[in-house]
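Each chain, written out:
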Amino acid sequence: MKECPPERSQTAREILAYLSGRPDAEDTLEGIMLDRLPEKPTGQQQTLLKEVIADLATQGRLEKVKKEDRTLYRVRSRK
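As the structure is a prediction and not an experimental result, all values here were calculated from the model.

Analysis parameters
Every chain is numbered on its own, with residues counted from 1 as its sequence reads. The model is predicted, so local features are restricted to residues of pLDDT at least 70 and side-chain atom pairs to those at 80 or more, both for listing and for counting; the totals for chains, interfaces and linings are taken over all residues. The basis for every side-chain value is the complete set of non-hydrogen atoms in the structure, without hydrogens or water. Comment: elements are numbered from the N terminus, with helices defined as DSSP H or I runs of at least four residues and strands as E runs of at least two. By the convention used here, residues are in contact when the closest approach between their heavy atoms is within 4.5 Å. Per-residue and other accessible areas were derived by the Shrake-Rupley procedure at a 1.4 Å probe size, with only the shown protein chains allowed to occlude residues. Lines fitted to C-alpha atoms define the axes here, with helix axes fitted over just the stretch in contact, and angles between the N-to-C directions of these axes take values from 0 to 180 degrees. Every angle not falling under 35 degrees, over 145, or within 65 to 115 is termed oblique; those three ranges are roughly parallel, roughly antiparallel and roughly perpendicular. Helix crossings are classified by the rotation of the near helix relative to the far one: an anticlockwise turn of less than a right angle makes the crossing left-handed, while a clockwise turn makes it right-handed. Confidence scores labelled pLDDT are given residue by residue by the predictor and lie between 0 and 100. Criterion used throughout: strands pair if DSSP finds at least two bridges between them. Put simply, a nonpolar core is a bunch of buried Ala, Val, Leu, Ile, Met, Phe, Trp, Tyr and Cys residues held in one set by side-chain atoms that sit within 4.5 Å of each other. Burial classification: accessible surface area is computed with a 1.4 Å probe over protein chains only, and a residue below 20% of its type maximum counts as buried, one above 50% as exposed, and the rest as partly exposed.

### What to know about the overall build of the protein chain
Thinking step 1. Each helix and strand in the protein chain was counted, giving three helices and three strands.
Thinking step 2. Across the protein chain, helices and strands are ordered from the amino to the carboxyl terminus as α-β-α-α-β-β.
Thinking step 3. In the protein chain, the proportion of contacts linking residues at least 24 apart, taken out of those at least 6 apart, comes to 48%.
Thinking step 4. Of the roughly 6000 Å² that the protein chain leaves accessible, carbon and sulfur atoms contribute 48%.

### What about the packing of helix H1 (residues 6-20) against helix H3 (residues 43-58)?
For any two helices packed against each other, the geometry comes down to the angle between their axes and how far apart the axes lie.
Thinking step 1. The geometry of H1 relative to H3 is characterised by a closest axis approach of 10 Å and an angle of 70 degrees between their N-to-C directions. In terms of orientation, H1 and H3 fall into the roughly perpendicular class. Relative to H3, the crossing made by H1 is right-handed. Between H1, through Glu-7, Arg-8, Thr-11, Ala-12, Ile-15 and Leu-16, and H3, the contact on the second element is made entirely by Leu-48, Leu-49, Glu-51, Val-52, Ile-53, Asp-55 and Leu-56.

### As for the environment of Leu-62
Thinking step 1. Looking at the element boundaries, Leu-62 is found in strand E2 (residues 62-67).
Thinking step 2. Sequence-distant contacts of Leu-62, defined by excluding residues within four places in its chain, comprise Ile-15, Leu-16, Leu-19, Ile-53, Leu-56, Ala-57, Tyr-73, Arg-74, Val-75 and Arg-76.

### Quick notes on the confidence of the model for the protein chain
Thinking step 1. When pLDDT is averaged along the protein chain, the result is 86, and 90% of the positions lie at 70 or above.
Thinking step 2. Between the elements of the protein chain, mean pLDDT differs from a low of 86, seen in helix H2 (residues 29-36), to a high of 93, seen in strand E3 (residues 70-75).

### Topic: the sheet that holds E2
Thinking step 1. Taking strand neighbours across the sheet as the criterion, the three strands line up as E1-E3-E2 in an open arrangement whose pairing is antiparallel. The open sheet terminates on both sides in strands that have one partner only, identified here as strand E1 (27-28) and E2.
Thinking step 2. Pairing between E2 and E3: six bridges, direction antiparallel. Bridge assignment links Glu-63 to a residue of E3, and that residue is Arg-74.
Thinking step 3. H1 contacts E1, E2 and E3 of the sheet and is inclined by roughly 95 degrees relative to E3.

### Thoughts on the nonpolar core
Thinking step 1. One finds Ile-15, Ile-32, Leu-49, Ile-53, Leu-56 and Leu-62 to be the most contacted residues of the largest nonpolar core, which totals 16 residues.
Thinking step 2. The set of elements that each furnish at least two residues to this core consists of H1, H2 and H3.
Thinking step 3. Residues in contact with Ile-53, not counting those within four places in the same chain, are Ile-15, Leu-29, Ile-32, Leu-62 and Tyr-73.

Okay, here's the thing in structure tokens:
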């Protein structure tokens, strides 16, 4: 099994904490980027964030929700 690089693990924890911190929290990829990245993020930082969000969705920890023409992400409920 491949070990997840520390930067990816930390980013995943931060995204989950950000979305878990408020009831019914959901946000777009762009909104998450604005919250998690510095004012002028590098292309590498943006790519990392997109990949981590995709990984979390694939793992079932985040779910995609379509609202109108936007895709929102939220922590998957454990009902």
